[in-house]
Structure formats: structure tokens, C-alpha cells
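The residues making up each chain are set out below.
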Amino acid sequence: MGLLAIGTPLDWPEAKKEASKVREWGIEQLLAIWRRAKGKERDAMLWGDEIEYLVVCFDDQGRRVRLSLRQADILTALAEDEKLLREGGGVPDLQRGDARPEHVAPVFHPEFGRFMLEATPGKPWGIGFKDLLDVEPNMKLRRRIAKEHMHATEFPITLTTFPRLGCADCTTPAYPVSGPKLRSQFLPDEIANPHIRFPTLAANIRARRGRKVEINVPVFRDVNTPWPFKDPTVNYDLHNWPEDDDVRNGAAKENHIYMDAMAFGMGSCCLQITFQSKNIEEGRKMYDQLSPLGPIMLALTAATPIYKGFLADTDVRWNQISRAVDDRTAEELGEKPLAHDRWRIPKSRYASNSTYISQDPRLRPEYLDPELVIDPVLKARLVAGGLDDILATHFAHLFIRDPIVVFAEDLQTLDLSKTDHFENLQSTNWQHMRFKPPPPGNDTGWRVEFRPMEIQITDFENAAFSIFMVLITRVILSFDLNFYLPIARVTENMETAHRRDAVSEQRFYFRKDPFGPARGHPGSGSAPGSGTATPSLPPVEDEYTLMTVNEIINGQADDGSGRPGFPGLIPLVESYLDSVNVDVETMCQLARYLDLIRRRADGRLWTGAKWMRGFVQQHEKYKGDSVVGEEVEYDLMRVVEGIGRGETAWGLEKLGVLGKG
Amino acid sequence: MKLILSTSNIMGSGPSVVRRPLVSKSNAELTAALRSNFDSHREQAVASSAPDSTFRSWSAQEGDKLYAPTLDTSGLAEERSAYDITVKLFYLPHVPPSKRCQHAKEAIDLVLRELRVSSIDLLIVSFPGIAFDAEDESEEDEHSDAASLSGLSDPTGGVIEDTNSIVQTWNTLETLHDAGTIARLGLSEFGSHRLARLLQSVRVRPSVDQINVRDCCVVPKPLIIFAKQEGIELLTHNDCTDILPPGTLRELLGPEKGIGILAPSGCCNNSSDGLRGDVIPQWVVKYTAVVKDRGVVENKGYFAAAELQDPRALVSLLSC
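Residues numbered from 1 in each chain as written. Chains lettered and ligands numbered in written order. Predicted model: local features only at pLDDT ≥ 70, side-chain atom pairs only at ≥ 80, totals over all residues. Heavy atoms only, no water.

As annotated in an unreviewed UniProt entry, chain B carries the name GCS light chain and comes from Trichodelitschia bisporula. According to UniProt, the comment filed for chain B under the heading Subunit (unreviewed entry) is "Heterodimer of a catalytic heavy chain and a regulatory light chain." Turning to chain B, the UniProt annotation filed under Pathway (unreviewed entry) states: "Sulfur metabolism; glutathione biosynthesis; glutathione from L-cysteine and L-glutamate: step 1/2." (UniProt positions renumbered as here; feature names shortened; annotations may be inferred.)

As annotated in an unreviewed UniProt entry, chain A carries the name Glutamate--cysteine ligase and comes from Trichodelitschia bisporula. Among the UniProt annotations of chain A, the heading Pathway (unreviewed entry) holds the following wording: "Sulfur metabolism; glutathione biosynthesis; glutathione from L-cysteine and L-glutamate: step 1/2." UniProt, in its Sequence similarities (unreviewed entry) section for chain A, records the words "Belongs to the glutamate--cysteine ligase type 3 family."

Right, here's the structure in full:
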């Protein structure tokens, strides 16, 4: 989450009336950024990771675990920690103590959920290989500092979702459900961060939609699961708000777990990595090349098998967040003919990328979505302001949305030295990659954020996946790799990644040859995005095929017709490491990280999702009916909390996190 | 005649370099990269329908040296200070140590021309027949190290590698260091005993020792402690010591499976454009230019030098 501005937020539909103004001003601010930073060059490779925590509170006597809603108190305690402030850490949003140029201690941030914390390193990481060795200890330090500012019964946990979020008595303190902002029948308004931005975000999404958000996750059908499954926790007799009609109108789908509030999605923890590129061109290239890796890394980090006290038939969080912030109207969704809204929109604001943005000659027009919805007026303004067609298209696509949270104070004058209106749209487009322009006022460069990965239970795993992605970016740039495939296939892969055990059971569209066509190849003569087919290259369909995650990560022996197959991301990383000077100690640590990923991909190790599912199913209190009860949850969370201290439990050896990690 | 073979920049040219077998040692990288570079030059020559599409059209002869392909001196994209340039020089078995001084200068000079720079940051030298053995090291036993020093462990039966010849070679490198051509010197596959012995007799100390520990992280404690004490950085590599055996090179250059720089064996075939004689690899050099603060490998490649010897001279060599 970005910095939290203070002001008077407009309710819907007042905010709607200002939407065009915010968009137009946002575009002017973008053009100001473009004029200032388009020629920014030779920035170093810097990167940062974000770790998000759930804060849970154990009741050992009652064998219960609940979410702690003391985020504000914990952040205050962190913000007042003299030692942390001296070392440049703390909580910048609370703005106590002086800002220090030399940030070293970790930094903590509020998140949407009042039970969440986010922690980042105090300063960005470099690419020096010894820097990479500091990542895991720093993640452990962040966890320890967070823990030190909590009560004895409270712990920071890195799970995507709290297993029984939305069940009765799942928070401490407890609050009544069905509040005016969320109007959820499962969660209290107090579940969200009380900063005015967050309840407004939730309320205006609901208001814009015209009903509550609607999240249906397929339930896992176990031996004793009643079938057809009707979510037994749904209350059809509530009459507090007009939106209580949603369930009577069929919002809760058969054989699905039903959820009705933004917090079910935005309360998820993720592992996000941001990379600084040397210039805008390299940033655009990285954005495009990392895009097809998104679904693969989502499947490989799968860690979300439980929702609202039930085993789900999916393994990842992505679509639930997507639906939890889906503000599209019935017209935009295509349920009603267009009368008031401007266009049909195929995806939620939280969804996989819908376009590529690089001027790479290898980007064939066939990879793009011909139906991509854009705002033609805003695009024309961007092109007139100097943006090239393909980048203008990208932003004109992001800007088809309405701003959700609009502060009255910001609508007085347009300030081109600020980026608030631009960021309003940019940061509420939650795609799986984000292309981030340099912020005003410091020397930060063009950046790319990789957002699909699920948070892992241990810091060892989180460090492993972060560093793997860092190495992948270096591999892409060094070998000039080409992972392009039609963006529609990336979207399909994103769906595939949701399937239970997709890492072992599913196949994904992936480019067969990451090396071709060679640089300077006459192949793609026509300009990218020009909409015409590329002459003299093989059909796009011949460039890619279905592969398992194992084949993508570890490589194929051959492609089935005797030619060399896809080389594999880990062998590519190893080739890269062979080409740079790495000291013995670093290489051994990197080998541990790569080994975890190698074995997660080939099935010798399990994803977090598979382990949690197995843990629930073998628990003596589990009845084979898909229900994850309070005691099962308690034991699961106790194990998750204890892993870092080397405690063992059922199946942990299959997670590959024991031992030194 | 002398052959100077080059891979050109193997980054980004992709396939030959990173293709399977990816896990093998980097001898495969060298041979595949040479082959692919030859092939692509031949294809270009054929495609441009030059009157002469033999290797002559894409190689260059300067004096008694044949460059195949012609040296590509497009250089680096950014200014010199942005890069970390590491060069690894492989001395080969069967080549007399007396030639090493000259070989070092030749090899470094080629790299400097290729990258259009006047200095490199690190030169690592690899001596034939020296392979680090973790078990020998952990025994802390002078005898085992002495045994490998005597050259008995060299399976190819090449020259005997003794401390004297290593020190002599090192002295040449020291002069290149003094001249500012090489900022730091390093070694490959040295155990602590061998390192200790070398340190006694050199003026410019090695700052790097490269060992092959790809598959196991069991670097012996004595070596780690010794290296730390002496301020020597232990780096990893994945190269094999006998990086270019004569048979491999002959095949690469030969008329049947290779590029046809060499004429078919036998003396009756005069129709071939190929060169005659026996090819003897002299040295191999690998270079990498990494953009320091971005970790991007911008240029990586190899040169290999070989002597082409008159068959009659070879006969007399073998008979003595």
C-alpha cells in the first residue's frame, strides 16, 4: 500500500462525478513524469522484497487461535522504538523521528487488514552476491522485531490467509458483523484498517458494483462432504442492509465456499518483489518478459488451500482477491446492456496483465489482445504528449477504471509536481506486474514489480523465491531471453495455476525456445502493436506448447521431436552463475535456494498448499467433510508458528524447510 | 601456422551456449560455442552468395596467424569503469611451460582488442593437471599434495607441473600486473599447501583461488581458514581442466564433422581448400564483462589458439 494521504474522502456516487477529472489530471501528471524521467539512464539494479504478516493470537488453554486486530497498537509500538528509529527503521507512515538518509533497520507498514503487517528492508538490496546472503537473515530480523512489539500470545505468521477468517469468533477483540461499511454477514467493519482510505475503498467498491463483492471458491469434495454442497454458514435471513438480498438472489453458488467482503481478498498476504531497471527501455522489457512467468510462480508458491473454515478445491489466493475488489457494474460485466457505463470490461481491476509494453522487435502483434479496452481520448492525449503508441495503450487501459477513493482536498488545483491522481489509478490496478515510473523528489528509477507469488511459511522459502526471481531477471537480461507468448495464454495460465496441485498436475502454455529469434533477425519488421500479422515468421501457435512446471523450471530433455527442449529456468540460472564470480559461501547458499525450487517443481517437495491440505486431512479432529475446525486450525497455526524455531510436525520434511532453514 | 579461434560474444546468441547438456562442465560450452560461431559465419557466407564461401571468406590471415572468424572488435556498450572484466587463462597439457609467458601476453592482448579496453580486473590462471581434491586437503597431509604436485595425478601424461614453472609463469603475470594491464591475479584449483608454497616465492600475491564445488559445499576447513588468513577470495567455477583436447579440436576443424578448416587426412586429395598438418591446441582464454552494479553479463566469449604443424615435423617430433 502506498502512503496514506489524509483528507475527506468522497462517498459514492460523489466520487464518481469527479472520476473524469481525476483521470485527466492523472494523465497530465503521468506526462509530467514522462517528460522528467523518460531519459533517465544507467540506474543500478536495486531491488526490494515485501513480506506481509498475519498477526494471530493464541489461546492455548481453549486451544483456539484468533486474528489480533491490534495492528495500530503494534505499529505505534514499532514507531516509538527508539533503537529502531536511530537505525533508520520504524513506521514512516506514522512519521515520528527524523527521516535518516542511511536506512538500515527494517521498515513496517500498515496494510488493508487490521490483522496485517508489512515489513520491508530498510534500504533496497543491490546485486552484489554477498548482498543476497543478507536477505534471509534480514527477513528473520523483521519477524523478530515484529514479534518483540507484540503481546506474548501474539505472533507474526506468514500465511496467505487465516484459515477460519469469516467464521464466528475469529478475531480478538470480537466485533459484531454486518457493519455499515462492509455490510458483510461474516466480517465486522473493524476487520479493515481504520484509516479512512480503507473503509472508503471497501464501501465505494461495493457501492459502484451495486451489490456486495461476491467470492465463490469451489469447495474440496472429501469423502464425507455433503453433496451438493451448500455453504452452511450463509445466513439467508439477514435484513440489515439492502445488500443482504444478495444471497437471496443467488450470490452463494452451490458447491462453493461463499464470501462477501473485500477483506477476504485484500486480507491476503503476498510476496512481492520490485526491481529497478537501468532505464525505461529495460524496465519495459523486464515487465514483458516476467509476465509469462507470473502464473508459473503462482502455481509453484501455492499456499492457500483453506477459506472460511473449509478446504477449497483450489490452491492459490489470486482469484479471490480479484473478486474481492471487483468493482465492475452489471453493465460492465456484460450482465446488462450498456446504458450508463462506457464499455464491457473482461477483467477485474485485480487480474493478470492484459497487454505488453515493450518496444522489443520480438514482440509480435499477434501476442497482443485485439479486444483490449482502452480510453481512446486519454490515449490520444498521451500520444500527443510524446508517449509511443504501445506505452500509451498500456496506461489508457489502466485508466478505463474509476478512481475509488477521492479526497475532496485534492480536487482544488492540479499540481504537476505531485503524482497523487496518477497513483490513484495506477495503484488500484492490481495486475500481476506493475510498471512503476520514477517518483518525484529522489533519484529512484523506472521499476517493475512482480506480484503473483504467495507468501511462504518460512523466511528460508521467502528468501529462496525472492532471490530466484532476482537471478531470473539477471538471466533474462544477460542471455536476452524471449518468453513472449500471446497475452491471452498468460491469462489462461493464471486460471490453470489455481487448480489443486497445479504444480504437479497441470500443464502451462510456455515458449519453446527462449533464445530466438536472434537479435537483429529480420523477422519482425512491422512495428509492435500495429495490428498486422508478422511476415516470414512461423505461426505464433508454433512458438509455444504446453509444459509442466517441472519442465519450465528444470528443463526438458527434448521437445518430443528430437530437438533440444526448453532448457529450464534453473539450468539457465546456473549457466548465468557460471559466468559471474561467485564466492564459495554464497554459491552454497544459492544452491540451497535453487534446490528448494528445483524439488518443489519436480514434486519431491510439496507446496505449502499441499502440506496444509495434508495436515488437515490427517488431523484426528478432521471428519473428512472439508470442514477445518477450530482445533485443527489451532494445531496448524501452532506448527506454522513453531517451524522457525525448528519444531517438527506432520509432513514438514516434505516442505523442505527443516534443518538449517 | 597459428590458428586463433573465437566464439565471439556468446551471450544473447543463445542456443549453442546454454543448450543442453546444461549441467555438464563448461568444456561443452566452449566446443558448442565455437561450433555455433563457425556455423553461423558459414551460413552467412553462403547466404550472401559470396564467390568464396569457404572459411577463407570469414576468416583473416595476419602473418602466420589465421583468425577464425575475423576478430570482432565492436567492444563494450558503456564506459570501462562500469564493468568487471574477468579473464581465465587455461594452460594446456603437452605445451612446454617455456611458452607460457608469450601465451599469456597473446591471450590477454586478444581479449583487450576484442573488448576494446586497456586493462582487465582479474586474471585467473589454470595450470594443466592441477585439480583441487577436497579429500587430500582435509587430511592435511603433505604427501598427498606432494604426490599431485609431482604430476602423477595428470591423467593425460602431460608436462610435469612443478612449483618452479608455476612461479616462472607467475613472474610474467606480475609484470603485466605492474604495467597496469591486470588489476588482480588469481589461480584455479589450488589447495592450501600449494597456495602456501606459491605465496613464499611471489611478489604479487594471488587475490583469488577458484575451486570447483558445484555439487557439494564441502570446502575443507583448512583451505577456508588459510584463504581468510591470507586474504584470498575463494570463488567457484565449473570448468574442466583439460578444456580443449587435441581430438576435440581436430573434430571441430575437420572436414567431416567440423567446419572444414582442416583438409581431409591422407595426402592424395588436392581438391580441398583445407589446411594441412596436425593441429595442437596451445591455450584457451575465457573472458566475461559484467556490468558491475546491474549484475548483467554483457559479453562473454573464448579464444583458443592452436599450432598447425607440418606433418613431417610432427613425425620427427614423435620419433624423438
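Undergrad: Explain the packing of helix α2 (residues 27-47) of chain B against helix α9 (residues 246-253) of chain B to me, please; I cannot follow it from the model alone.
TA: Between two packed helices, the angle of one axis relative to the other and the distance separating the axes together describe the packing. Residue and element names in this part refer to chain B. Look at α2 against α9: their axes get within 10 Å of each other, and the N-to-C directions meet at 15 degrees. In terms of orientation, α2 and α9 fall into the roughly parallel class. The interaxial crossing formed by α2 with α9 has right-handed handedness. Together, Thr31, Leu34, Arg35 and Phe38 of α2 and Thr248, Glu251, Leu252 and Leu253 of α9 make up the contact between the two elements. Here the contact of α2 with α9 is built from residues that sort into four nonpolar, two polar and two charged. (Axes fitted to C-alpha atoms, helices over the stretch in contact; angles between N-to-C directions. Helix = DSSP H or I, 4+ residues; strand = E, 2+ residues; numbered from the N terminus. Parallel < 35°, antiparallel > 145°, perpendicular 65-115°, else oblique. Left-handed = near helix turned anticlockwise from the far one by under 90°. Contact = heavy atoms within 4.5 Å. Nonpolar A, V, L, I, M, F, W, Y, C, P; charged D, E, K, R; others polar.)

Undergrad: Looking at this structure, how should I read the environment of Asp239 of chain B?
TA: Assignment of secondary structure puts Asp239 of chain B in the loop between β8 (233-236) and α9. Residues Asp239 of chain B and Ile211 of chain B lie 28 residues apart in sequence; the distance between their C-alpha atoms is 9.3 Å.

Undergrad: Quick question: what am I supposed to make of the pattern of salt bridges here?
TA: Oppositely charged side chains can form a pair if their charged atoms are brought close together. Residue and element names in this part refer to chain A. A full pass over the atoms with the stated rule returns 73 salt bridges over all chains. Ionic pairing is found between Glu214 and Lys253, a salt bridge with its closest N-O pair at 3.4 Å. Of this pair, Glu214 sits in the loop between α6 (197-209) and β7 (215-218) while Lys253 sits in the loop between α7 (245-248) and β8 (256-259), placing them 39 residues apart in sequence. We classify Glu214 as partly exposed; its relative accessible area is 22%. By relative accessible area, Lys253 is classed as partly exposed at 39%. One salt-bridge network, in which partners are shared between bridges, spans Lys16, Arg23, Arg208, Asp327, Glu332, Arg349 and Asp402. (Salt bridge = Lys/Arg side-chain N within 4 Å of Asp/Glu carboxyl O. Buried < 20%, exposed > 50% of the residue type's maximum accessible area, 1.4 Å probe, protein only.)

Undergrad: Just checking my understanding: could you explain the interface of chain A and chain B for this structure?
TA: Where the parts come together, the accessible area they lose is often given as the size of the interface. The interface is formed by 36 residues belonging to chain A together with 32 residues belonging to chain B. Around 3,000 Å² of area is buried between chain A and chain B when both sides are counted, 55% of it from carbon and sulfur atoms. In terms of surface lost to chain B, no three residues of chain A exceed Phe515, Asn581 and Val584 of chain A, which account for 20% of the buried area on that side. Taken together, chain A and chain B are joined by two salt bridges. A salt bridge links Lys278 of chain A to Glu78 of chain B; its shortest N-O distance comes to 3.9 Å. (Buried area = accessible area lost by both parts, 1.4 Å probe.)

Undergrad: Whenever I open this one, the sheet that holds strand β9 (residues 278-291) of chain B confuses me. Can you help?
TA: Across a sheet, paired strands are connected by hydrogen bonds in the backbone, their directions being either parallel or antiparallel. Residue and element names in this part refer to chain B. Pairing within the open sheet is mixed, and its 10 strands lie in the order β2-β3-β1-β10-β9-β4-β5-β6-β7-β8. The strands lining the two open edges of the sheet, one partner per strand, are β2 (60-62) and β8. Strand-to-strand twist in this sheet, taken as the mean axis angle between neighbours without regard to direction, amounts to 25 degrees. In terms of strand pairing, β9 meets strand β10 (residues 296-309) through 13 bridges, oriented antiparallel. Across the sheet, residue Trp283 finds its bridge partner in β10, namely Ala305. Its contacts with the sheet place α9 against β1 (2-6), β9 and β10, and it is angled at close to 85 degrees to β9. (Pairing = 2+ DSSP bridges.)

Undergrad: Help me out: how do you make sense of the environment of Lys123 of chain A in this one?
TA: In this fold, Lys123 of chain A is placed in the loop between β4 (116-120) and α5 (129-148). For Lys123 of chain A, a relative accessible area of 43% gives the class partly exposed.

Undergrad: Can you help me understand the nonpolar core in this one?
TA: Considering soluble globular proteins, one finds that nonpolar side chains tend to be buried as a cluster. Residue and element names in this part refer to chain A. Formed by 192 residues in total, the largest nonpolar core has its most connected members in Phe468, Leu577 and Trp611. No other element matches helix α16 (residues 459-479), which puts 13 residues into this core. Not counting residues up to four positions away in its chain, the partners in contact with Phe468 are Met297, Ile553, Leu569, Ile570, Val573, Leu594 and Ile597. (Core = buried A, V, L, I, M, F, W, Y, C linked by side-chain atoms within 4.5 Å.)

Undergrad: It is not clear to me how unusual backbone geometry should be interpreted in this structure. Could you clarify?
TA: Residues apart from glycine generally show negative phi values, whereas peptide bonds are mostly found in trans. Residue and element names in this part refer to chain A. Along the chain, Trp12 connects to Pro13 via a cis peptide bond; the corresponding omega equals 5 degrees. Along the chain, Thr172 connects to Pro173 via a cis peptide bond; the corresponding omega equals 0 degrees. By secondary structure assignment, the location of Pro173 is in the loop between β6 (171-172) and α6. Its identity is not glycine, yet Arg183 carries a phi of approximately 55 degrees, on the positive side. With respect to the helices, strands and loops of the structure, Arg183 is situated in the loop between β6 and α6. Phi is positive for Lys308, which is not a glycine, with a value near 50 degrees.

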